[in-house]
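Residues per chain, in single letters:
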Amino acid sequence: MQQEVILAMLAKEPSHGYQLRARLRQALGPLGDAMNDGQVYVTLTRLEKAGLVASEQAEAPDRPDRKVYVLTAAGHQKVADWLAEVAWPRPDLTEFHLKLIAAASAGLADPLAIVDAQRRELLRRLRDAQRAALAEPGGSAAGLLLEGIVLRLQADLHWLEACERNWTGRRNRS
Amino acid sequence: MSDTGNAPLLRAAGLRKEYGKGEGLVRAVDGVDLDVARGETLAVMGPSGCGKSTLLHLLGGLDRPSGGELWLAGRRIDHLGERALAGLRRDTIGFVFQAFHLMDELTAVENVELPALLAGRSARPARRRAAELLDQVGLADRARFLPSALSGGQRQRVAVARALVSDPQVVLADEPTGNLDSQATLEVLRLLEHLHAAGQTLVIVTHDSRIAATADRLISMRDGAFVDETRLTGGSTGNLGGLAGLTEMCEREA
């Protein structure tokens, strides 16, 4: 689990690991199924070693999970830096683009067949994401994330259409 | 071929449509073989001019093929006369068009019941069925509105209700969301998913990947021919987390 995400969740209040896990699950909805529950604890241990969180034993002897985690000053600073940072995930279009060019120039594969295969995969993903999005109640946090995934997949599929036009054109000219 | 068991509802074999002659010959549909099963949703995608709309018009008997065979519910239909074809369109096929094609001077419910009245159904049952369908598409409270008082998405939902009024064997949709914004597209999308779940056979020609993603099967067309086929049902990636970059985020060690 990305350390900043866990840190930022702790900024709300000191928490047990299982509370963080539940909050993550709620924010992610069906997407959270991909998350391994142990990852939260692994991350917390790392954060503690790095001095970004501290832990104390809570007064709850009936629970196995008694540690409460608290942000340190350094942890607070790290969260502030993370919130101020502007980042956007890079879709890896370059590799696909170069793959088409390499396939065509070496005569190794038909670029249009590569485009078709990619489209098949993206449409399956779109279907999954769309199903999940339609199943979310209006206003759910996870629904908003799913909508973003759907829109990105649509953008990628638009670009594949452009690839298809381009490579069809090249084939017809040659 | 009989209309029982697993026979496809719609079948095309070597279907062709040509325009012009000699140097100017255009093969709009160039030897298409297609089976559509009962209850299946099929999407056809492809660049503009690839022949997908022409194909849909051939399947619906709106246009006549230059060659090949066409079967609907076990009946060969490519040789039917004009009158028989008109009857077939009215009784067994529902159409949904990009531009809705509603009658501006009729209310929503009047638009929906019109094909049933033209097919000879009496006024009362036709109205009852039209009202039911408007309810199904979520527009019961808009029944007495003129199309001009409805949003784009609502108009297209009226058009879908109209396509269903004769209980067609198959609904053919030509760019059903082509004129709609994303919110209205979502309305139509939900409706198509609903029809699909209810077992309606659907053939949808579309540019919109969201609409195509609702299909069981997707066919890509180029230059009048099928070039790729994708089965979308089953074979789910089962990895929504991967889609959101969640897996990467979990594995990343900052």
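### Looking at the overall build of chain A
What chain A contains, in helices and strands, is seven helices and two strands. In sequence order, the secondary structure elements of chain A are arranged as α-α-α-β-β-α-α-α-α. Computed over C-alpha atoms, the radius of gyration of chain A comes to 22 Å, more than 25% over the 16 Å expected from 2.2 N^0.38 for 174 residues, which places it beyond the range of a compact globule. If one aligns the C-alpha atoms of chain A with their principal axes, the spans along those axes are about 75 × 35 × 30 Å. Taking all contacts inside chain A whose residues are at least 6 apart in sequence as the whole, residues at least 24 apart take part in 57%.

### Section: the overall build of chain B
Helix and strand counts for chain B come out as nine helices and ten strands. Within the span of chain B, comprising 254 residues, buried residues form 43% of the whole. For chain B, the share of sequence-separated contacts (at least 6 apart) that also reach a separation of at least 24 residues comes to 68%.

### Focus: the sheet that holds strand 10 (residues 225-231) of chain B
Pairing between sheet strands relies on hydrogen bonds along the backbone, with the strands arranged either parallel or antiparallel. Residue and element names in this part refer to chain B. As summarised here, the arrangement of the six strands in space is 6-7-8-3-9-10, forming an open sheet in which the pairing is mixed. Two strands bound the open sheet, and with one partner strand each, they are strand 6 (93-97) and strand 10. On average, each strand axis in the sheet is tilted by 15° relative to the strand beside it, whichever way the strands run. The sheet contact formed by strand 6 and strand 7 (residues 170-174) spans five bridges and is parallel. Residue pairing in the sheet places I93 in a bridge with V170 of strand 7.

### Notes on helix 4 (residues 123-136) of chain B
Residues and elements named next belong to chain B. Over its 14 residues, helix 4 extends 20 Å from the first C-alpha to the last, a length consistent with the 20 Å expected when each residue adds 1.5 Å. What helix 4 keeps buried is the set A126, A130, L133 and L134. Angular distribution of buried residues about the axis of helix 4 spans 100°; they occupy a single face of the element. Residues of helix 4 that are exposed and point over 90 degrees away from its buried face: R124, P125 and R128. Once helix 4 finishes, G138 follows within two positions and takes phi at roughly 80°, a positive value.

### Topic: the packing of helix 6 (residues 111-135) of chain A against helix 7 (residues 141-173) of chain A
Residues and elements named next belong to chain A. Packing of helix 6 against helix 7 leaves a shortest axis separation of 9 Å and a crossing angle of 160°. In terms of their interaxial angle, helix 6 and helix 7 are classed as roughly antiparallel. As for the relative orientation of helix 6 and helix 7, their crossing is left-handed in sense. Classifying every residue of the contact of helix 6 with helix 7 gives 16 nonpolar, four polar and five charged.

### Observations regarding the environment of W159 of chain A
All names here are of chain A. Here W159 is to be found in helix 7. With 16 C-beta atoms counted inside 10 Å, the residue W159 sits in the partly exposed group. Residues W159 and G17 lie 142 residues apart in sequence; the distance between their C-alpha atoms is 42 Å.

### Some details on the pairing of strand 3 (residues 41-45) of chain B
Residue and element names in this part refer to chain B. For strand 3, the buried fraction is high: five of the five residues fall into the buried class. Side chains T41, A43 and M45 project from strand 3 onto one buried face, and the interleaved L42 and V44 project onto a second face that is buried too. Where strand 3 and strand 8 (residues 201-205) come together, four bridges link them in parallel fashion. Pairing of V44 across the sheet is with V205, part of strand 8. Note that strand 3 and strand 9 (residues 217-222) share four bridges and pair parallel. Residue pairing for strand 9: M45 is matched across the bridge by S220.

### Looking at the nonpolar core
The nonpolar side chains of a soluble globular protein tend to be buried with one another. One finds A43, V112, L134, A161, L172 and V203 of chain B to be the most contacted residues of the largest nonpolar core, which totals 78 residues. Per element, the largest residue contribution to this core is seven residues, and it comes from helix 7 of chain A. Not counting residues within four places of it along the chain, the set of residues in contact with A161 of chain B comprises V112, L133, L134 and V137 of chain B.

### Description of the confidence of the model for chain B
Chain-level statistics for chain B give a pLDDT mean of 89 and a share of 90% at 70 or above. The ipTM, which scores confidence in the relative placement of chains, is 0.77 for this predicted complex, and the corresponding pTM is 0.80.

### Thoughts on the sheet that holds strand 2 (residues 26-36) of chain B
Residues and elements named next belong to chain B. Reading across from one edge, 2-1-4-5 is the order of the four strands in this open sheet, with antiparallel pairing throughout. Both edges of this open sheet fall to strand 2 and strand 5 (75-76), since each of them pairs with a single strand only. Looking at chain direction, strand 4 (residues 67-72) and strand 5 are connected through two bridges and run antiparallel. Each bridged residue has a counterpart across the sheet, and for W71 the counterpart in strand 5 is R76.

### What about unusual backbone geometry?
Most of the time, phi is negative for any residue but glycine, and the peptide bond is trans. Residue and element names in this part refer to chain B. Positioned with a positive phi, D167 is a non-glycine residue whose angle comes to about 45°. Here D167 is to be found in the loop between helix 5 (152-164) and strand 7. In this model, D223 sits at a positive phi of 50°, which is unusual for a non-glycine residue. Along the chain, D223 turns up in the loop between strand 9 and strand 10. Classification of D223 as partly exposed rests on a count of 15 C-beta atoms within 10 Å.

### Notes on the packing of helix 2 (residues 17-28) of chain A against helix 3 (residues 38-49) of chain A
Residue and element names in this part refer to chain A. One can describe the packing of helix 2 onto helix 3 by two numbers: an axis separation of 9 Å at closest approach and a directional angle of 125°. Here helix 2 lies oblique to helix 3, going by the angle between them. Our pair here, helix 2 against helix 3, has a crossing hand that is right-handed. Here G17, L20 and R21 of helix 2 lie close against helix 3, whose contacting residues are V40, Y41 and L44. For the contact of helix 2 with helix 3, the per-class residue count stands at four nonpolar, one polar and one charged.

What counts, and where the lines are drawn
- Residues numbered from 1 in each chain as written.
- Chains lettered and ligands numbered in written order.
- Predicted model: local features only at pLDDT ≥ 70, side-chain atom pairs only at ≥ 80, totals over all residues.
- Helix = DSSP H or I, 4+ residues; strand = E, 2+ residues; numbered from the N terminus.
- Rg over C-alpha atoms; globule rule 2.2 N^0.38 Å.
- Contact = placed C-beta atoms within 7 Å.
- Buried ≥ 20, exposed ≤ 12 C-beta atoms within 10 Å, placed from the backbone.
- Pairing = 2+ DSSP bridges.
- Axes fitted to C-alpha atoms, helices over the stretch in contact; angles between N-to-C directions.
- Expected span 1.5 Å × (residues − 1).
- Arc of directions from axis to C-beta.
- Parallel < 35°, antiparallel > 145°, perpendicular 65-115°, else oblique.
- Left-handed = near helix turned anticlockwise from the far one by under 90°.
- Nonpolar A, V, L, I, M, F, W, Y, C, P; charged D, E, K, R; others polar.
- Core = buried A, V, L, I, M, F, W, Y, C linked by C-beta atoms within 7 Å.
- pLDDT = per-residue confidence, 0-100.

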